[in-house]
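Descriptive analysis of the structure
Here are the chains, one letter per residue:
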Number of protein chains: 2
Amino acid sequence: MTRLSQAFLPTLKDPPSDAEAVSHMLMVRAGLIRRLGAGLWTWLPAGWRVLRKVEAIVREEMEAIGCQEMLMPVLQPAEPWQKTGRYGIEEMFKLSDRKGSPLVLAMTHEESITTHVAQEVRSYRDLPLMLFHIQTKERDEPRPRAGVLRTREFTMKDAYSFDRDEEGLARSYELQSEAYARILDRCGLRWYRVESDVGMMGGSEAHEYMAPCAAGEDAVALAPDFAANVEATELRAGDPGPNGGTVEVEPAIEVGNIFKLGTRYSEPLGATFLDESGVERPVVMGCYGIGPARIVAAAIEQGADERGIVWPASLAPWDIHLVSLAKGEGEERTAADALYAELRDAGAEVLYDDRDAGPGEKLTDAELLGCPLRLVVGRRGLERGVVEAGERAGGEHELPREEAGARALALLQGGDD
Amino acid sequence: MTRLSQAFLPTLKDPPSDAEAVSHMLMVRAGLIRRLGAGLWTWLPAGWRVLRKVEAIVREEMEAIGCQEMLMPVLQPAEPWQKTGRYGIEEMFKLSDRKGSPLVLAMTHEESITTHVAQEVRSYRDLPLMLFHIQTKERDEPRPRAGVLRTREFTMKDAYSFDRDEEGLARSYELQSEAYARILDRCGLRWYRVESDVGMMGGSEAHEYMAPCAAGEDAVALAPDFAANVEATELRAGDPGPNGGTVEVEPAIEVGNIFKLGTRYSEPLGATFLDESGVERPVVMGCYGIGPARIVAAAIEQGADERGIVWPASLAPWDIHLVSLAKGEGEERTAADALYAELRDAGAEVLYDDRDAGPGEKLTDAELLGCPLRLVVGRRGLERGVVEAGERAGGEHELPREEAGARALALLQGGDD
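What you see is a predicted model; the values in this text were computed from it and never measured.

Screw-axis analysis of chain B against chain A gives a translation of 0.0 Å along the axis, an RMSD of 0.0 Å, and a rotation angle of 180°. Both copies are brought into coincidence by an operation consistent with a two-fold rotation axis. Among all residues of chain B, the one whose C-alpha sits closest to the rotation axis is Leu95(B), at a distance of 2.9 Å. Here 100% of the interface residues in chain B have copies in chain A that are interface residues too; the copies meet face to matching face.

All names here are of chain A. Pairing within the open sheet is mixed, and its six strands lie in the order S1-S19-S18-S20-S21-S22. On the outer flanks of this sheet lie strand S1 (2-3) and strand S22 (396-400), each paired with one strand and no other. Sheet topology places strand S20 (residues 373-377) next to strand S21 (residues 386-391); four bridges connect them, and they run antiparallel. The partner of arginine 374 across the bridge, within S21, is glycine 390. Contacts from helix H8 (residues 331-345) reach strand S18 (320-324), strand S19 (350-353), S20 and S21 within the one sheet, and its direction differs from that of S18 by about 165°.

Val296(A), Leu322(A), Leu375(A), Val296(B), Leu322(B) and Leu375(B) are the most contacted members of the largest nonpolar core, which totals 262 residues. The residues touching Leu322(A), leaving out its near neighbours within four places in the chain, are Ala336(A), Leu339(A), Tyr340(A), Leu343(A), Val350(A), Leu351(A), Tyr352(A), Asp353(A) and Leu375(A).

Before going further, it helps to examine the environment of Gly168(B). All names here are of chain B. Mapped onto the elements, glycine 168 comes out in helix H5 (residues 166-186). Given 18 C-beta atoms within 10 Å, glycine 168 falls into the partly exposed group. Separated by 40 residues in sequence, glycine 168 and proline 128 have C-alpha atoms that sit 7.4 Å apart.

With that out of the way, let us pick up unusual backbone geometry. The step from Leu127(A) to Pro128(A) runs through a cis peptide bond, and the omega angle for that step is -5°. Turning to its location among the elements, Pro128(A) is positioned in the loop between helix H4 (110-120) and strand S8 (129-138). In the Ramachandran plot, Ala146(B) falls in the positive-phi region, its phi being about 60° despite a non-glycine side chain. Here Ala146(B) lies in the loop between strand S8 (129-138) and strand S9 (153-163). Under the C-beta neighbour-count criterion, Ala146(B) is labelled buried, with 22 such atoms within 10 Å. Its identity as a non-glycine residue notwithstanding, Asp225(B) has a phi of 55°, on the positive side. On the basis of neighbour counts, which here come to 10 C-beta atoms within 10 Å, the residue Asp225(B) falls in the exposed class.

The next point concerns the sheet that holds strand S7 (residues 102-105) of chain B. All names here are of chain B. Pairing within the open sheet is antiparallel, and its three strands lie in the order S5-S7-S6. With partners counted over all chains shown, the strands left at the sheet margins are strand S5 (75-77) and strand S6 (94-96), one partner each. Averaged over all pairs of adjacent strands, the angle between their axes in this sheet comes to 40°, without regard to strand direction. Bridge count for S5 against S7 is three bridges, and the pairing is antiparallel. Across the sheet, the residue bridging to leucine 75 is leucine 105, located in S7.

Turning to helix H7 (residues 292-303) of chain B, a few remarks are in order. The α-helix advances 3.6 residues per turn, and as a result positions three or four apart in sequence lie on the same side. All names here are of chain B. Helix length check: H7 (12 residues) gives 17 Å between terminal C-alpha atoms against 16 Å at 1.5 Å per residue, within 8%. Extensive coverage of H7 is indicated by the burial of 12 of its 12 residues. Elements that come into contact with the buried residues of H7 comprise helix H1 (22-29), helix H2 (45-64), S9, strand S11 (205-212), strand S14 (248-262) and strand S17 (284-290).

One frequently used descriptor of interface size is the decrease in accessible area upon assembly of the parts. Taken together, the 41 residues of chain B in the interface contact 41 residues of chain A. Its residues placed into classes, the side of chain B that touches chain A shows 22 nonpolar, 10 polar and nine charged.

Turning to the pairing of strand S12 (residues 218-223) of chain B, a few remarks are in order. Residue and element names in this part refer to chain B. Where S12 meets S14, five bridges bridge the pair, whose relative direction is antiparallel. Counted as the bridge partner of alanine 219 is proline 251 from S14. When S12 meets strand S13 (residues 226-229), the two strands line up antiparallel, connected through four bridges. If you follow alanine 223 over to S13, its bridge partner there is phenylalanine 226.

Moving on, we come to helix H9 (residues 359-369) of chain B. Residue and element names in this part refer to chain B. Here H9 has its buried residues at Lys362, Asp365, Ala366 and Leu369. In a view along the axis of H9, the buried residues occupy a sector of 100°, so they form one face of it. Glycine 370 lies just past H9 and shows a positive phi near 75°.

Here the focus is the domain arrangement of chain A. All names here are of chain A. By domain assignment, chain A separates into domain 1 (2-303) and domain 2 (320-412). In this assembly, eight residues from domain 1 lie in contact with eight residues from domain 2. Taken together, the residues of the side of domain 1 that touches domain 2 sort by class into three nonpolar, three polar and two charged.

This paragraph deals with the environment of Met72(A). Relative to the helices and strands, Met72(A) is located in the loop between strand S4 (68-69) and strand S5 (75-77). Between the alpha carbons of Met72(A) and Met62(A) there is a distance of 17 Å; along the sequence they are 10 residues apart. Residues contacting Met72(A), with those up to four places away along its chain left out, are His109(A), Ser112(A), Ile113(A), His133(A), Gln135(A), Leu36(B) and Thr42(B).

Residue and element names in this part refer to chain B. Where H1 contacts H7, the two axes come as close as 9 Å, and the packing angle between them is 100°. In terms of axis orientation, H1 runs roughly perpendicular to H7. Contact residues: H1 offers Val22, Ser23, Leu26 and Met27, while H7 offers Ala297, Ile300 and Glu301.

Moving on, we come to the environment of Glu120(B). Residue and element names in this part refer to chain B. Along the chain, the position of glutamate 120 falls in helix H4 (residues 110-120). By the C-beta count within 10 Å, which is 17 here, glutamate 120 ends up partly exposed. Put simply, glutamate 120 and threonine 272 are 152 residues apart on the chain and 9.9 Å apart in space, counted from C-alpha to C-alpha.

So, how was this worked out
Note that residues are indexed from 1 along each chain, following the sequence as it is written. Working convention: letters from A go to chains and numbers from 1 go to ligands, in the order in which they are written. Confidence filtering applies because this is a predicted model: local features only for residues at pLDDT of at least 70, side-chain atom pairs given and counted only at 80 or more, and all residues used for totals across whole chains, interfaces and linings. In superposing the copies, a least-squares fit is computed on C-alpha atoms, taking residues whose pLDDT is at least 70 in both. The contact criterion used here is simple: two residues whose C-beta atoms, placed from the backbone, lie within 7 Å are in contact. We call two strands paired when DSSP finds no fewer than two bridges between them. Strands are runs of DSSP state E lasting at least 2 residues, helices are runs of H or I lasting at least 4, and numbering of each runs from the N terminus. Axis definition: a line fitted to C-alpha atoms, limited for helices to the stretch in contact. Angles are taken between N-to-C directions and run from 0 to 180 degrees. The nonpolar core criterion groups buried Ala, Val, Leu, Ile, Met, Phe, Trp, Tyr and Cys residues into a set whenever they are joined through C-beta atoms within 7 Å. Neighbour density around each residue's C-beta defines its exposure: 20 or more other C-beta atoms within 10 Å make it buried, 12 or fewer make it exposed, and counts between make it partly exposed, where C-beta atoms are placed from the backbone. Helix span is expected to be 1.5 Å times the residue number reduced by one. In the scheme used here, Gly and all other residues not listed as nonpolar or charged are polar, with Ala, Val, Leu, Ile, Met, Phe, Trp, Tyr, Cys and Pro taken as nonpolar and Asp, Glu, Lys and Arg as charged. In this context, the arc is that of the directions from the helix axis out to the C-beta atoms. For the purposes of this description, domain bounds are those given by an automatic or database domain assignment. Angular relationships are summarised with four words: roughly parallel below 35 degrees, roughly antiparallel beyond 145, roughly perpendicular across 65 to 115, and oblique for the angles in between.

Set out below in structure tokens:
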């Protein structure tokens, strides 16, 4: 669906000088993101395709558990934040409008969702309820770093559950927890769920979802049948594990977190319901966050090799990176054009490198961008009647020219070539 | 796909006391939006479904003309705005980070897109290029009004074109113009394209897309084969039209605008390219905005009747509003459940009113919410072997019970019942 000669996909030979994390280097080099300011990143078209794939997976799994999507503003009145005592949070951007009224840029949406629920929910019949949105967040981060891993603006999925009691909250928490497992599995991550403390969110219980990788700022303590947040445990690397074996500590990226909030927000904001006997009770809440950008970065960190990104199939910007080695018109070009059309018509997402560039540059870019399957249509292969296919995760094949389209699609499906 | 008993879809009998515009009243009453603060609105699940349908149409039509989607930040450094001389715009929110660095909340993205293009585009070979994003915008609006029509936070699609010369710009402008016609037609709007002045955007030529309706803040002068922005013309209502007939002036909502920017931004921000002879030239730009929320409001304004919203089929939150009149279990409930399952399996988007409420409330809500087809499964109809079908735009039918699903789907497709 995309011809590279017309795409805004600027790859770089060298990483930015300030980049340390593998994901930061590769995302910039592969043309996925560009920096607009400190901790402020633009998602270029290829990167945006990836981020939207994560969002689509998140959305599907939220809908599958009956969680309803909506959208709340980023810019918000200060008042609800004053009511919950969170107006003082140092990382929150504060500003005034032209009339001098205080506003904030939301970094999380408990205050707004609870305000709405307080207005609309009346009775136990309106519960349970689960709502989510995928929205921009702003945070006055003192030390933005590592590309999209720690930024001042980012997209989050926040879900919120509303129940009549702790038992209901436990059920909602479990539903979300199961959805998180499916989301992270579908995104191809290696991940752990660990207990964590509740921090600025308040509440009674919380878990973090950790994706181990070198660039992680957090750490997980791992042993057989055991995973824990290093901050929250006495365990040390080399200690015996609680279920045998030895504890290893790995750096990890926090890609999601879930909290049992209880009545931390419903009480100050007046979100109550009438139970069967007409007694007014505060709604019992949970909140469930996931960071799509961090999932993208973690997938890169966990999969990359020395040549570039190796995408999980579910997140790749395109299924197939089709390289034509042709210069100008002729049989080579015609064969590549025909294969492009065939794959596209079959519904595959194809990036077609039709640029007037050398084979070295084209093949290097294909490795860097890391789509699951690379097809090369060149004169030498055509003379032998084949198209070269390389699986990015390993595995080289020669596909008979006449069957190249069908065989490539079979390779994508995990079948034989 | 949605059971009303579990949905967050709070309808109201009475409009908010401050509401004057029909769309404002109906969007609040039908549970599409709720106010979080002055000019700050939350899109509840039903409203968000509608807004996402508009966004999907916009996205498809942008992609169809080779315009590539990306995402740029809302929070931005002040510097590029200082370079273009737009840092002083009064409606722009300004703030500082914890280090005291000046930041802005972008209300439009010429500065950021041009900064990126300046870094990446080198040669005439990199042009033409069209990019877009669908992003939150913030505007320190002095007089928020009319629900989502004039707000302080809103979503916009902005597209930007980059060409080597005015001739290229004219082609890009025409492509966008054609896409806009398809978008507004697909959204079911009655609309006019009128010349306008360039305002704060700068540039040489501009058009606005106007949807006539009572709540419009702008106005269009209309006569046979003629439409113009009232601000930009000497015409007055009652004057003879330039192509015959008489001029009528109608209030209208501006749902989109397109601008030939020329080098207004590329020069101060250094976006240049080398032409074939190695001469450095400024890139020639255009920009193309569309407001999905205003399209939603205009569709409501143009279609509504005294009972509520009448959605164009392409924007309706659900295709079918299925009302069960059953109280408790029994044949009535079983028949409605079966019809719900059948329609859902056939791929229709169905809102199923399975609430424990009276028929009056259910039917009133169905009219208010305005989905194209209402099906009513009740005891009296079942006794006669029929399901009642009402097209929201007019037309009542009785569908034989056994064929109700298939006949309802045929009605949606515009066939006979």
